[in-house]
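Per-entry structural report
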Amino acid sequence: MILTCPQCATKYTVDGSKFPAAGRSVRCAKCGHVWHQIGPQPEPDPEAEIEVHEPEPEPSVAAPSRHTPVIDEPAHSVDEPPSIVTQSRVAAFAPSATMDDEFAADEAPVATSRAAANWGGRIAVLGGWALLVGLVLVIGWAAVSFRDVIATWLPQTTSFYSAAGLPVNARGIDFADVSRQLESEDGQQVLAVTGRIVNRSTHELTVPLVRVALLDGDHRELYHWTFVPGVSTLKPGQSSKFRTRLSSPPVGTRDIEVRFAKAGE
């Protein structure tokens with residue numbers, strides 16, 4: 001009897017008397033494929049004691065019944081001699097890993113990828129916070145360093161800088177090198193106030209009236225006057241000297257305050 005493996009088409013010559021009419025399970029010794037082979041129709045023989053195996057669904061990796069020998073090697077192919085193996089040899093071809101092992105092997109890279117994704121998310125969050133802190137610091141430094149320019153364009157910020165204790169010049173024009181001297185002229189004391197007016201902005205500005213106030217020891221105003229500086233406009237970075245005098249200043253004058261006059265003063 002010649003058997004042909006349905007999987008790899010290997011042919012085997014076997015003894016047909018070992019196959020009942022209902023068939024039996026056999027396995028290809030070359031590729032390991034197991035199938036149910038129908039046997040030849042034998043003549044009635046009451047002395048035959050061949051155990052008949054009920055047909056079973058074709059398993060992918062399961063071994064045959066323990067009572068049924070299977071063909072593990074070509075029984076009698078053209079090139080090889082026949083050989084019969086029992087259930088013990090079939091078990092040797094069982095898979096080395098169970099389904100649980102396969103799932104465990106699949107879960108390992110998944111867990112690794114999740115851990116990597118978590119670390120990547122944390123690094124992104126930390127990077128975002130670092131960028132935000134750096135941006136706040138840069139904005140704060142610019143707001144302090146260029147407060148005069150900011151107050152020039154946004155006068156409403158002057159109160160904010162004043163509350164923070166930061167002097168600000170919203171006009172963009174300022175005083176420098178201010179000093180006072182007491183002089184005597186025709187037997188009278190004369191207070192001379194000198195200094196420079198500087199344009200610290202990036203554009204040409206009009207020079208307003210200048211207000212000089214005399215203060216006592218408690219910083220209370222005793223007297224004040226205004227004068228027109230000797231220049232009407234100043235270009236960016238340009239400065240102009242000024243000098244103003246007051247005869248017979250009030251007794252008790254201890255300090256002076258020089259600023260630009262507001263509207264109506």
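Residues numbered from 1 in each chain as written. Predicted model: local features only at pLDDT ≥ 70, side-chain atom pairs only at ≥ 80, totals over all residues. Heavy atoms only, no water.

Turning our eyes to something else, we now look at the sheet that holds strand 10 (residues 210-215). Pairing in this open sheet of 3 strands is antiparallel, and the strands run 11-10-14 from one edge to the other. Each edge of the open sheet is held by one strand with a lone partner, namely strand 11 (221-227) and strand 14 (255-260). Along the sheet, successive strands turn relative to each other by an average axial angle of 20°, direction set aside. (Pairing = 2+ DSSP bridges. Helix = DSSP H or I, 4+ residues; strand = E, 2+ residues; numbered from the N terminus. Axes fitted to C-alpha atoms, helices over the stretch in contact; angles between N-to-C directions.)

In the structure shown here, the tally under the stated rule is 9 salt bridges. A salt bridge links glutamate 183 to arginine 243; the shortest N-O distance between them is 3.1 Å. Separated by 60 residues along the polypeptide, glutamate 183 in strand 7 (residues 173-185) and arginine 243 in strand 13 (residues 239-247) bring together distant segments of the chain. For glutamate 183, a relative accessible area of 27% puts it in the partly exposed group. A salt bridge links arginine 211 to glutamate 221; the nearest nitrogen and oxygen atoms lie 3.2 Å apart. Placement of the pair is arginine 211 in strand 10 and glutamate 221 in strand 11, with a sequence separation of 10 residues. (Salt bridge = Lys/Arg side-chain N within 4 Å of Asp/Glu carboxyl O. Buried < 20%, exposed > 50% of the residue type's maximum accessible area, 1.4 Å probe, protein only.)

Arginine 211 gets classed as buried once you look at its relative accessible area, which sits at 7%. Measuring from C-alpha to C-alpha, the distance between arginine 211 and phenylalanine 227 comes to 6.7 Å, with 16 residues separating the pair along the chain. Filtering out sequence-adjacent residues up to four positions away, arginine 211 remains in contact with Glu221, His224, Trp225, Thr226, Glu257, Val258, Arg259, Ala261 and Glu265. At a separation of 3.2 Å, a polar atom in the side chain of arginine 211 contacts the side chain of glutamate 221. There is a polar contact of 3.3 Å between the side chain of arginine 211 and the side chain of histidine 224. (Contact = heavy atoms within 4.5 Å. Polar contact = N/O pair within 3.5 Å; in protein donor to acceptor, adjacent residues only side chain to side chain.)

What follows is about the side chain of serine 201. Along the polypeptide, serine 201 turns up in the loop between strand 8 (188-199) and strand 9 (205-206). For serine 201, the residues in contact, after removing those within four places along its chain, are Gly172, Pro236 and Gly237.

Turning to unusual backbone geometry, a few remarks are in order. In this structure, aspartate 177 takes a positive phi of about 55° despite not being glycine. You can see aspartate 177 is positioned in strand 7.

Take the pairing of strand 7 next. Across 11 bridges, the pairing between strand 7 and strand 8 is antiparallel. By the bridge assignment for strand 8, glutamate 185 is matched with glutamine 188.

Here the focus is the packing of aromatic side chains. Overall, the coordinates contain 4 aromatic pairs when judged by the stated rule. Note on phenylalanine 175 and phenylalanine 242: the rings are 5.9 Å apart at their centroids and 80° apart in plane angle, and the pair reads as edge-to-face. Of this pair, phenylalanine 175 sits in strand 7 while phenylalanine 242 sits in strand 13; the two residues are 67 residues apart in sequence, bridging distant segments of the chain. Assigned by exposure class, phenylalanine 175 and phenylalanine 242 land together as buried. Connected via pairs of aromatic rings, a cluster forms that spans Phe175, Phe227, Phe242 and Phe260. Geometry around tryptophan 119 places arginine 122 over its ring, the cationic atom sitting 5.3 Å from the centre. (Phe/Tyr/Trp six-rings, centres within 6.5 Å; stacked < 30°, edge-to-face > 60°. Lys NZ or Arg CZ within 6 Å of the ring centre and 35° of its normal.)

Taken as a whole, the protein chain shows an average pLDDT of 76; of its residues, 71% reach a score of 70 or greater. The element-level mean pLDDT for the protein chain is lowest in helix 1 (residues 87-91), coming to 37, with strand 10 highest at 95. (pLDDT = per-residue confidence, 0-100.)

Sheet strands associate in pairs through backbone hydrogen bonding, adopting either a parallel or an antiparallel arrangement. The strand order 7-8-13 describes an open sheet built from 3 strands, whose pairing is antiparallel. What marks the edges here is a single partner per strand, and that holds for strand 7 and strand 13. Pairwise comparison of adjacent strand axes, ignoring direction, gives a mean angle of 15° for this sheet.

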